[in-house]
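Coordinates in review
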Amino acid sequence: MAGILFIISAPSGSGKSTLVSQVRSLVEGLEFSISYTTRQPRGSEEDGREYYFTTRHEFERMIAAGGFLEWAEVFGNYYGTAVAALAHAKYAGRDLLLDIDVQGAMQIMQKLPEAVSIFIMPPTPEVLERRLRNRSEAEHMTSEEDLQRRLKAARKELDRIGEYKYAIVNDVLDVAATEMKAIVLTERAALEADKALAASCLTSVGSPRLVSALNSFKVAEGGPSPE
Ligand code: ADP
Ligand code: 5GP
């Protein structure tokens, strides 16, 4: 696997988690980075599966220790990606998916410009509100205040869509998942093509074009000819 970092952002409730899990069932070698958060677990969420749930004190200790690749305060809670997540995926030779908010995405884009960014759009504000309401009812977390806060934030997040390389409208799940799969496979193929091109330029390979250029200068393949 290539070791590509995919940044996935979306207004809360757009269906990002649903989409990511569908794509992971379609494409091999995609590791999901489990973030740290100080928010309370929702519904059936488990520590170490959706998130590492932690305290503000512990989170701030990790910030001070330089343990985060990026972190942000979202809806009154801290969220962050551990440096170790990236190191682990690289070691395993797998691509890594980061499900992070717009602030965190901007930090990663600055630090790691080779990361591939994807924004997931809800099809309409009405659909976004319905999905948020359905989810909070299903998870017995019906805080109107929290819901309104997420809807308001969605507008602001959408203003940053132009800073992402790709955007997917999550209307019909299967269509959106097929599009995301296509993005992942295309980025992998592009990286492999770059790798092949770079490999063909290795001096140790001695490509026919290099040999011919060297011959024209009467330079031996192993380096410049002695005076
Ligand atoms: P996010 O991770 O972006 O906050 P979720 O994946 O939790 O959002 O999805 C929010 C709600 O919308 C969930 O109840 C989910 O089942 C539903 N949902 C997600 N994608 C779709 C879709 N394409 N069509 C219909 N419902 C969807
Ligand atoms: P939720 O509470 O709905 O799980 O997530 C709220 C928001 O926090 C979402 O936009 C989600 O992408 C974002 N988020 C989750 N993990 C991280 C993270 O590690 N870093 C940042 N910056 N945002 C995150």
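Worth saying up front: this structure is predicted, and the values here are computed from it rather than measured. (Residues numbered from 1 in each chain as written. Chains lettered and ligands numbered in written order. Predicted model: local features only at pLDDT ≥ 70, side-chain atom pairs only at ≥ 80, totals over all residues. Heavy atoms only, no water.)

**A look at the site of ligand 2**
Taken together, 19 residues sit near ligand 2, with K16, S35, R39, Y51 and Y79 positioned nearest. A distance of 2.5 Å separates an oxygen atom of ligand 2 from a polar side-chain atom of K16. Side-chain polar atom of R150 to an oxygen atom of ligand 2: 2.9 Å apart, as the coordinates give it. Calculation on ligand 2 without its partners gives an accessible area of 510 Å², and the protein chains cover 96% of this total. Of all the secondary-structure elements, those providing two or more residues to the shell around ligand 2 are β5 (68-74) and β6 (77-82). Of the residues contributing to the shell around ligand 2, the split by class is 7 nonpolar, 5 polar and 7 charged. (Near = heavy atom within 4 Å. Polar contact = N/O pair within 3.5 Å; in protein donor to acceptor, adjacent residues only side chain to side chain. Areas by Shrake-Rupley, 256 points an atom, 1.4 Å probe, with all protein chains shown as cover. Helix = DSSP H or I, 4+ residues; strand = E, 2+ residues; numbered from the N terminus. Nonpolar A, V, L, I, M, F, W, Y, C, P; charged D, E, K, R; others polar.)

**Structural notes on the packing of helix α5 (residues 125-138) against helix α6 (residues 144-158)**
To characterise two packed helices, one gives the angle between the axes of the helices and the distance between these axes. Where α5 meets α6, the closest approach of the two axes is 11 Å, and the angle between their N-to-C directions is 150 degrees. In this structure, α5 meets α6 at a crossing whose hand is right-handed. Contacts from P125, L128, E129, L132, R133, R135 and S136 in α5 reach E144, L147, Q148, R150, L151, A154 and R155 in α6. Taken together, the residues that form the contact of α5 with α6 break down as 6 nonpolar, 2 polar and 6 charged. (Axes fitted to C-alpha atoms, helices over the stretch in contact; angles between N-to-C directions. Left-handed = near helix turned anticlockwise from the far one by under 90°. Contact = heavy atoms within 4.5 Å.)

Interpretation note: all reported values are geometric properties and have no functional meaning in isolation.
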